[in-house]
Amino acid sequence: MKVLVAINIPETGITLLRDEGLKVTVWTDDIPMTATQLMNAAKEHELLLSSSVYRLDSNFLESNRHLKLISQFAAGYDNIDIVRARELGIPVANTPFAMVDATADISFALLMAVSRKMLFMHKRILSGDWGHFRPRAHLGMELKGRTLGIYGMGRIGTEFARRCVGAYGMSVIYHNRGRNREADRELGATLVTFQELLEISDVISVHAALTPETSGKFNKRAFQQMKPSAIFLNTARGGIHHEGDLTMALKTGTIWGAGLDVTNPEPMAPDNPLLHFENVAITPHIGSATINARNEMSRLAAWNILQYCRGEKVTHLVT
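As a starting point, this report considers the structure included with it. Keep in mind that this is a model prediction, so the values were computed, not measured. (Residues numbered from 1 in each chain as written. Predicted model: local features only at pLDDT ≥ 70, side-chain atom pairs only at ≥ 80, totals over all residues. Heavy atoms only, no water.)

1. Thoughts on the environment of Phe160
Secondary-structure assignment places Phe160 in helix α7 (residues 155–168). Using a relative accessible area of 0% as the deciding quantity, one classes Phe160 as buried. Here the alpha-carbon distance between Phe160 and Glu87, two residues 73 residues apart in the chain, equals 37 Å. (Helix = DSSP H or I, 4+ residues; strand = E, 2+ residues; numbered from the N terminus. Buried < 20%, exposed > 50% of the residue type's maximum accessible area, 1.4 Å probe, protein only.)

Now the structure itself:
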């Protein structure tokens with residue numbers, strides 16, 4: 001069978017596919033295919049290893065209904081019209097859990113950067129504005145003993161909470177579709193309502209999937225219910241927060257700071273005002289950008305395809 005690898009992934013997965021005897025076409029440019037290039041290339045292959053950089057909408061799926069499987073080089077799959085894929089009988093698989101530690105680490109790094117205004121202060125050095133000692137200028141916030149609120153207490157949220165508890169003895173509350181008994185037992189975490197999460201948390205960190213329920217969840221109304229001293233973190237999907245409302249909340253002091261690895265839209269425009277706020281740290285969606293995580297994502301994305309070709313149950317099937 002012929003496999004189109006539509007993104008320049010680590011060799012780990014490509015080697016697995018070729019060792020299985022599959023005919024593999026690899027897009028090796030760092031810049032993704034255009035929509036037209038992807039559409040045309042997919043028509044010549046039975047299996048597609050794709051990525052969240054591509055929008056696989058109803059039109060794409062209908063034009064490529066011959067596809068036997070789409071394996072997503074990502075945990076999220078909101079770029080794919082899952083309903084239409086299901087209707088057309090095109091299975092979709094993803095690579096969950098590969099980037100758990102890497103994403104928890106970037107969340108923790110953003111928390112550090114925001115609380116001590118690190119990125120802003122680094123830019124002051126670059127601009128030649130180190131200046132003299134000013135005892136009351138650019139003060140950060142200490143985190144010891146604060147209350148951490150997790151929105152979406154899955155594997156990544158739990159790992160991030162472990163880091164915060166271990167480093168700073170933070171107490172943990174969370175809002176989730178169900179109770180996370182592992183977090184309850186190990187971290188002393190408490191399941192709360194969304195309202196309680198907003199009102200009680202000193203830090204709120206988002207680790208949920210982007211769904212119709214979570215889209216725009218953190219908007220003007222939500223920010224107004226948070227503490228003026230609160231820090232907001234999002235390393236999940238940019239669509240979960242309303243960027244204009246977040247900008248206004250920071251500008252007016254409704255909340256204290258924010259750390260983002262995801263924005264809406266992506267990439268963020270270089271003149272976005274959030275990039276110049278003292279109390280904001282932003283990274284360009286690099287949550288999974290470690291050697292370990294990307295190699296494992298490559299392996300899992302290929303493994304989904306191998307399982308399908310061998311007639312086995314695809315472990316990480318989405319639909």
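2. Quick notes on the side chain of Glu243
Here Glu243 lies in helix α11 (residues 243–251). Buried charged residue Glu243 carries no salt bridge. Nearest counter-charge: Arg237, at 13 Å. Here the side chain of Glu243 touches His241 through a polar contact of 3.1 Å, side chain to side chain. (Lys, Arg positive; Asp, Glu negative; His and termini not counted. Salt bridge = Lys/Arg side-chain N within 4 Å of Asp/Glu carboxyl O. Polar contact = N/O pair within 3.5 Å; in protein donor to acceptor, adjacent residues only side chain to side chain.)

3. As for helix α12 (residues 291–309)
The terminal C-alpha atoms of α12, which comprises 19 residues, lie 27 Å apart, in line with the 27 Å expected from a rise of 1.5 Å per residue. Turning to α12, its buried residues number three or more, namely Ala293, Met297, Ser298, Leu300, Ala301, Ala302, Asn304, Ile305, Leu306 and Gln307. In this structure, the buried side of α12 is in contact with β1 (2–5), α1 (11–19), β3 (47–50), β4 (69–72), β5 (92–93) and α5 (100–115). A positive backbone phi angle near 75° is found at Gly311, which sits one or two residues after α12. (Expected span 1.5 Å × (residues − 1). Contact = heavy atoms within 4.5 Å.)

4. Focus: the pattern of salt bridges
One pass over the structure, following the stated rule, counts 16 salt bridges. Across the salt bridge formed by Glu87 and Arg84, the nearest N and O atoms sit 2.7 Å from each other. Here the residue Glu87 and the residue Arg84 both occupy positions in helix α4 (residues 82–88), the gap between them amounting to three residues, near one helical turn. The class for Glu87 is exposed, based on a relative accessible area of 54%. Put simply, Asp101, Asp105, Glu159, Arg162, Arg163, Glu182 and Glu186 are held in one network by salt bridges that share partners.

5. Considerations on the environment of Ala74
With respect to the secondary-structure elements, Ala74 resides in the loop between β4 and α4. In sequence terms Ala74 and Ala98 are 24 residues apart; their C-alpha atoms lie 8.7 Å from each other. Not counting residues within four places of it along the chain, the set of residues in contact with Ala74 comprises Ser52, Asn94, Thr95, Met99 and Met297.

6. Regarding the sheet that holds strand β8 (residues 190–191)
Strands sit in the order β8-β7-β6-β9-β10-β11-β12 across an open sheet of seven strands; the sheet is parallel. Looking at strand neighbours, the two that pair on one side only are β8 and β12 (280–282), the edges of this open sheet. Relative to β12, strand β11 (residues 257–260) runs parallel, the two being bridged by three bridges. For Gly259, the partnering residue across the bridge sits in β12 and is Ala281. In the packing of α7 onto the sheet, contacts are made with β6 (147–151), β7 (171–175), β9 (203–206) and β10 (231–234), and the angle to β6 comes to roughly 170°. Along the sheet face, α11 touches β10, β11 and β12 and points at about 145° away from the line of β11. (Pairing = 2+ DSSP bridges. Axes fitted to C-alpha atoms, helices over the stretch in contact; angles between N-to-C directions.)

7. Here's the deal with the side chain of Thr103
Within the secondary structure layout, Thr103 lies in helix α5. Residue Thr103 is classed as buried on the basis of its relative accessible area of 7%. Dropping the residues within four chain positions of it, Thr103 is found in contact with Ile156, Thr235, Gly287 and Ser288.

8. Some thoughts on the packing of α5 against α7
Contact geometry of α5 with α7 gives a least axis separation of 8 Å together with a crossing angle of 45°. Overall, the two elements α5 and α7 adopt an arrangement that is oblique. Relative to α7, α5 is oriented so that their crossing is right-handed. Contacts from Val100, Asp101, Thr103, Ala104, Asp105, Ser107, Phe108, Leu111 and Met112 of α5 reach α7 at Arg155, Ile156, Glu159, Phe160, Arg163, Cys164, Ala167 and Tyr168. (Parallel < 35°, antiparallel > 145°, perpendicular 65-115°, else oblique. Left-handed = near helix turned anticlockwise from the far one by under 90°.)

9. Quick look at the sheet that holds strand β2 (residues 23–26)
Spatially, five strands are ordered β2-β1-β3-β4-β5 in an open sheet, and the strand pairing comes out parallel. Bordering the open sheet on either side are β2 and β5, each of which pairs with just one other strand. As defined by bridge partners, β3 adjoins β4 across four bridges and the pair is classed as parallel. Each bridged residue has a counterpart across the sheet, and for Leu49 the counterpart in β4 is Ser71. Sheet contacts for α1: β1, β2 and β3; angle to β2, the most-contacted strand, approximately 155°. Against the sheet, α12 touches β1, β3, β4 and β5, its axis set at about 160° to β4.

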